[in-house]
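Observations on the three-dimensional arrangement
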Amino acid sequence: MFRLLLIIIVLVVGYDAVVNQGAYTRDAWNSIVRLTSSSVEGAKELGQRARN
């Protein structure tokens with residue numbers, strides 16, 4: 001099942017790279033990075049509040 005999922009992801013990313021110059025892949029990656037950064041900042045703020 002995992003192999004099938006990886007094959008599908010590779011095909012989708014490859015299609016996006018060929019047809020759309022990777023625009024959708026870049027947007028998805030940037031969204032993931034923003035979400036991760038937001039989570040890290042939230043955890044830092046929570047840690048600071050817990051210390052005070």
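Quantities reported herein were computed from a predicted structural model and do not represent experimental measurements.

Side note on the overall build of the protein
Helix and strand counts for the protein come out as two helices and zero strands. Since a compact globule built from 52 residues should have a radius of gyration of about 10 Å, the 17 Å found for the protein marks it as more spread out than a globular shape. With the C-alpha coordinates of the protein rotated into their principal frame, the extents come out at 50 × 30 × 5 Å. Each of the 52 residues in the protein was classed as buried or not, and the buried ones make up 4%. Roughly 4900 Å² of accessible area belongs to the protein as shown, and the carbon and sulfur atoms make up 67% of that amount. Across the protein, 6 positive and 4 negative side-chain charges occur, with their mean positions spaced 7 Å apart.

Observations concerning the pattern of salt bridges
Evaluation of the coordinates by the stated rule reveals two salt bridges. Residue glutamate 41 is joined to lysine 44 by a salt bridge in which the shortest nitrogen-to-oxygen separation is 4.0 Å. Of this pair, glutamate 41 and lysine 44 both sit in helix H2 (residues 23–51), separated by three residues, roughly a single helical turn.

Quick notes on helix H1 (residues 2–19)
The terminal C-alpha atoms of H1 lie 26 Å apart, and with 18 residues this matches the ideal 26 Å at 1.5 Å per residue to within 8%. Looking one or two places after H1, you find glutamine 21, whose phi comes out positive at around 55°.

Re unusual backbone geometry
Positive phi values are uncommon outside glycine, yet glutamine 21 reaches one of about 55°. For glutamine 21, a relative accessible area of 58% translates into the label exposed.

Things to note about a nonpolar patch on the surface
On the surface, Phe2, Leu5, Leu6, Ile9 and Val13 cluster together to form a nonpolar patch covering roughly 470 Å² of accessible area. Note on placement: leucine 6 falls in helix H1.

Conventions we followed
- Residues numbered from 1 in each chain as written.
- Predicted model: local features only at pLDDT ≥ 70, side-chain atom pairs only at ≥ 80, totals over all residues.
- Heavy atoms only, no water.
- Helix = DSSP H or I, 4+ residues; strand = E, 2+ residues; numbered from the N terminus.
- Rg over C-alpha atoms; globule rule 2.2 N^0.38 Å.
- Buried < 20%, exposed > 50% of the residue type's maximum accessible area, 1.4 Å probe, protein only.
- Areas by Shrake-Rupley, 256 points an atom, 1.4 Å probe, with all protein chains shown as cover.
- Lys, Arg positive; Asp, Glu negative; His and termini not counted.
- Charge placed at Lys NZ, Arg CZ, Asp CG, Glu CD.
- Salt bridge = Lys/Arg side-chain N within 4 Å of Asp/Glu carboxyl O.
- Expected span 1.5 Å × (residues − 1).
- Patch = residues over 30% accessible without salt bridge, like charges linked within 9 Å, V, L, I, M, F, W, Y side chains within 5 Å.

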